[in-house]
Amino acid sequence: MSTTSQRIVIENCAVATVDAVDTEYASGHVVIAGNRIESVGAGKAPEGLADVVRRIDASGHLVTPGLVNTHHHYYQWITRGLATDHNLFDWLVALYPTWARIDEPMVRAAAQGSLAMMARGGVTMAMDHHYVFPKDSGDLSGAIIGAARETGVRFTLARGSMDRSEKDGGLPPDFAVETLEGALAATEATVDEHHDPSFDAMTQVAVAPCSPFSVSTELLREGAELARRLGVRLHTHGSETVEEEQFCKELFGMGPTDYFESTGWLGEDVWMAHCVHMNDSDIAAFARTKTGVAHCPSSNARLAAGIARVPDMLAAGVPVGLGVDGTASNESGELHTELRNALLINRLGAHREAALNARQALRLGTYGGAQVLGRARETGSLEAGKLADLVLWNLDTLAHASIADPVTALVFGAAAPVTASFVNGEQIVENGRLLHVDEDEIARSTRAEARRLAAIAARA
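Because the structure is a prediction, the values reported are computed rather than measured.

**Focus on the overall build of the protein**
From N to C terminus, the protein includes 14 helices and 17 strands. Radius of gyration (C-alpha) of the protein: 21 Å, near the 23 Å computed for a compact globule of 460 residues. Considered along the principal axes of its C-alpha atoms, the protein spans approximately 70 × 45 × 45 Å. In the protein, buried positions account for 61% of the 460 residues. Nonlocal contacts in the protein, meaning residues at least 24 apart in sequence, comprise 74% of its contacts between residues at least 6 apart. Accessible area of the protein: about 16,700 Å², with a carbon and sulfur share of 50%. Counting 38 positive and 59 negative side-chain charges, the protein places the centres of these two groups 2 Å from one another.

What follows is the structure in structure tokens.
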């Protein structure tokens, strides 16, 4: 925890706390002391506060917890716009040969681009599921973590892995996978070097074999054992497509959820991406074990995977957060648009207009995400004692001018400009621009690395 007593006072704003009872203030305040939220309430901040270094008149703004991204693949930033009319399996087959030729400079540039887009759009806690580790490609995990540190976001690296290649019935090329032993050893080393278990940690690591169709049963089972021995969380893809369900039934004689349970992959320390094709018993198993879900509505639509049963998951008590997913399956790379897409796409499902409302969508993108990443005790809502991770959304705009309710304006309306984002009490965005990194230089470097990767892949 920061030892400073310096305070930042934010006043005259609408406040959506996303606490347990969705407390809101039409005109309220938030006081930051060091890296913690000191107070949240109606009206002006308390009088007589000492060591106030800054006062922000946030008239016309809504203050919320920072957005939390629960699933992403940063390296895909430099392969955006490819295989745009493919389903998941065809998309993977088309892009794996290119992805298998990434190296450290490419991954660093891609991570910078991915993080920049999220942070300037209100993300204060992010994650990356990186699972492609070509031989002699450099320190890819270190490059990703370094980019997150420079941007200033709170971060979880899900250290992924693949050991089931084409010759074993998987989708990745043979040269794109690790050995079982190599993947486990490298994952443990990453946890040892980078994982911080403290309350205000800026960097944490999860164990994250890629998916049932790209890893062996042994890697799943031993990965779960490794994570629990090290005391870290577990992440993978699950039940994303009908093709995945068929794959599991043909290879393992059971559906994805039963297969995951048989390998130790259900539990309150686990979260899975997508979970589109879940039947009632699958949802009940997730609820019983408190296994979390990263809902990625735009990516699910981009790859024609289907509509996840998010309302049913929430009703059953399954922890659910939002994910951008890789920017080769969600080219915008933004999470704040997922608030709106989650609400709209779920209303196309069985529950129609009752599927989700604006406040449920905001909860998915804030507290739900923190819960899924195992950090709801520290962040995800605006409450005294929690970490000062928050966003000021400017609703005093033409795009929002006639929407009276600020949460409705944020979720149903056009993407709101971010006037300021704070992480750990430090401001990382001002008037939509990142404060700690050069966005224009990131754009140049990501274009250059995308061209370099395309040229290497074309020669292969």
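**Description of the pairing of strand S15 (residues 418-423)**
Two faces make up the sheet, and in a regular strand the side chains alternate between them. Burial analysis of S15 places 6 of its 6 residues in the buried class, the great majority of the element. Here strand S14 (residues 390-394) runs beside S15; their pairing, made up of 4 bridges, is antiparallel. When the sheet's bridge partners are listed, Trp393 is paired in S15 with Val418. Bridge analysis of S15 against strand S16 (residues 426-430) gives 4 bridges, and the strand direction is antiparallel. Residue pairing for S16: Val423 is matched across the bridge by Glu426. Where S15 folds back on S16, the antiparallel hairpin that results is connected by 2 residues, among which Asn424 adopts a positive phi of roughly 60°.

**Overview of the pairing of strand S3 (residues 36-42)**
Sheet topology note: the strand S2 (residues 24-33)/S3 ladder contains 6 bridges and is antiparallel. Residue pairing in the sheet places His29 in a bridge with Gly41 of S3. With antiparallel pairing between neighbouring strands as the criterion, S2 and S3 make up a hairpin whose turn holds 2 residues, including Gly34 at a positive phi of roughly 65°.

**What about the environment of Thr446?**
In this structure, Thr446 sits in helix H14 (residues 439-459). When the C-alpha atoms of Thr446 and Trp77 are compared, they prove to be 7.9 Å apart, with 369 residues separating the residues in sequence. Not counting the four nearest positions on each side in its chain, Thr446 is found in contact with Trp77, Ile78, Ala109, Ala110 and Gly113.

**A word on helix H12 (residues 358-372)**
Its 15 residues give H12 an end-to-end C-alpha distance of 20 Å, which sits within 8% of 21 Å, the value for a rise of 1.5 Å per residue. In the structure, H12 departs most strongly from a straight axis at Leu364, where the bend amounts to approximately 45°. Three or more residues of H12 are buried, namely Ala358, Ala361, Leu362, Leu364, Gly365, Thr366, Gly368, Gly369, Ala370 and Val372. Measuring from the side-chain oxygen of the N-cap residue of H12 to the backbone nitrogen of Arg359 gives 3.1 Å; that N-cap residue is Asn357.

**Structural notes on the packing of aromatic side chains**
Applying the stated rule across the entire model yields 10 aromatic pairs. The interplanar angle of 90° and the centroid separation of 5.6 Å between the aromatic rings of Tyr96 and Trp99 together place this pair among those described as edge-to-face. A residue pair is termed a helical-turn pair when its members lie 3 or 4 positions apart in one helix, as Tyr96 and Trp99 do in helix H1 (residues 88-99) at 3 residues. Each of the two residues, Tyr96 as well as Trp99, counts as buried. Joined through ring pairs, the aromatic side chains of Phe89, Phe213, Phe247, Phe252, Tyr259 and Phe260 make up one cluster. For the cation-ring pair, Arg80 lies above Trp77, with the distance from its terminal atom to the ring centre recorded as 3.8 Å. If you follow Arg159 out to its NZ or CZ, it ends over the ring of Phe133, 3.6 Å from the centre.

**Examining the side chain of His237**
Mapped onto the elements of the fold, His237 is located in strand S10 (residues 234-238). A polar atom in the side chain of His237 sits 3.2 Å from the side chain of His71. Polar contacts involving the side chain of His237 include one to the main-chain carbonyl oxygen of Cys210, which spans 2.7 Å. Setting aside residues up to four positions removed in sequence, His237 forms contacts with His71, His73, His129, Tyr131, Cys210, Ser211, Pro212, Glu244, Phe260, Ala273 and His274.

**Observations concerning the confidence of the model for the protein**
The predicted model of the protein averages 96 in pLDDT, with 99% of residues at 70 or higher. Per-element averaging of pLDDT across the protein places helix H6 (residues 242-252) at the bottom with 90 and strand S5 (residues 61-65) at the top with 99.

**Looking at the pattern of salt bridges**
A full pass over the atoms with the stated rule returns 24 salt bridges. A salt bridge links Arg120 to Glu439, with the shortest nitrogen-to-oxygen separation between them at 3.2 Å. Taken together, the positions of Arg120 in the loop between helix H2 (104-119) and strand S7 (123-130) and Glu439 in helix H14 put the pair 319 residues apart, joining distant regions of the chain. Exposure remark for Arg120: the relative accessible area of 29% places this residue in the partly exposed category. Two residues, Asp168 and Lys167, come together in a salt bridge whose shortest N-O distance is 3.3 Å. Using a relative accessible area of 36% as the deciding quantity, one classes Asp168 as partly exposed.

**Focus: the packing of helix H4 (residues 180-194) against helix H5 (residues 217-230)**
Interaxial distance between H4 and H5 falls to 11 Å at its minimum, and their mutual angle equals 20°. When the axis of H4 is compared with that of H5, the two are roughly parallel. The element H4 and its partner H5 pack so that their crossing is right-handed. Touching Leu180, Ala183, Leu184, Thr187, Glu188, Val191 and Asp192 of H4 are Glu218, Leu219, Glu222, Gly223, Leu226, Arg229 and Leu230, all from H5. Along the lines of polarity and charge, the residues of the contact of H4 with H5 split into 7 nonpolar, 2 polar and 5 charged.

Calculation rules
Residues numbered from 1 in each chain as written. Predicted model: local features only at pLDDT ≥ 70, side-chain atom pairs only at ≥ 80, totals over all residues. Heavy atoms only, no water. Helix = DSSP H or I, 4+ residues; strand = E, 2+ residues; numbered from the N terminus. Rg over C-alpha atoms; globule rule 2.2 N^0.38 Å. Buried < 20%, exposed > 50% of the residue type's maximum accessible area, 1.4 Å probe, protein only. Contact = heavy atoms within 4.5 Å. Areas by Shrake-Rupley, 256 points an atom, 1.4 Å probe, with all protein chains shown as cover. Lys, Arg positive; Asp, Glu negative; His and termini not counted. Charge placed at Lys NZ, Arg CZ, Asp CG, Glu CD. Pairing = 2+ DSSP bridges. Expected span 1.5 Å × (residues − 1). Bend = angle between axes of the 7 residues up to and from the residue. Polar contact = N/O pair within 3.5 Å; in protein donor to acceptor, adjacent residues only side chain to side chain. Phe/Tyr/Trp six-rings, centres within 6.5 Å; stacked < 30°, edge-to-face > 60°. Lys NZ or Arg CZ within 6 Å of the ring centre and 35° of its normal. pLDDT = per-residue confidence, 0-100. Salt bridge = Lys/Arg side-chain N within 4 Å of Asp/Glu carboxyl O. Axes fitted to C-alpha atoms, helices over the stretch in contact; angles between N-to-C directions. Parallel < 35°, antiparallel > 145°, perpendicular 65-115°, else oblique. Left-handed = near helix turned anticlockwise from the far one by under 90°. Nonpolar A, V, L, I, M, F, W, Y, C, P; charged D, E, K, R; others polar.

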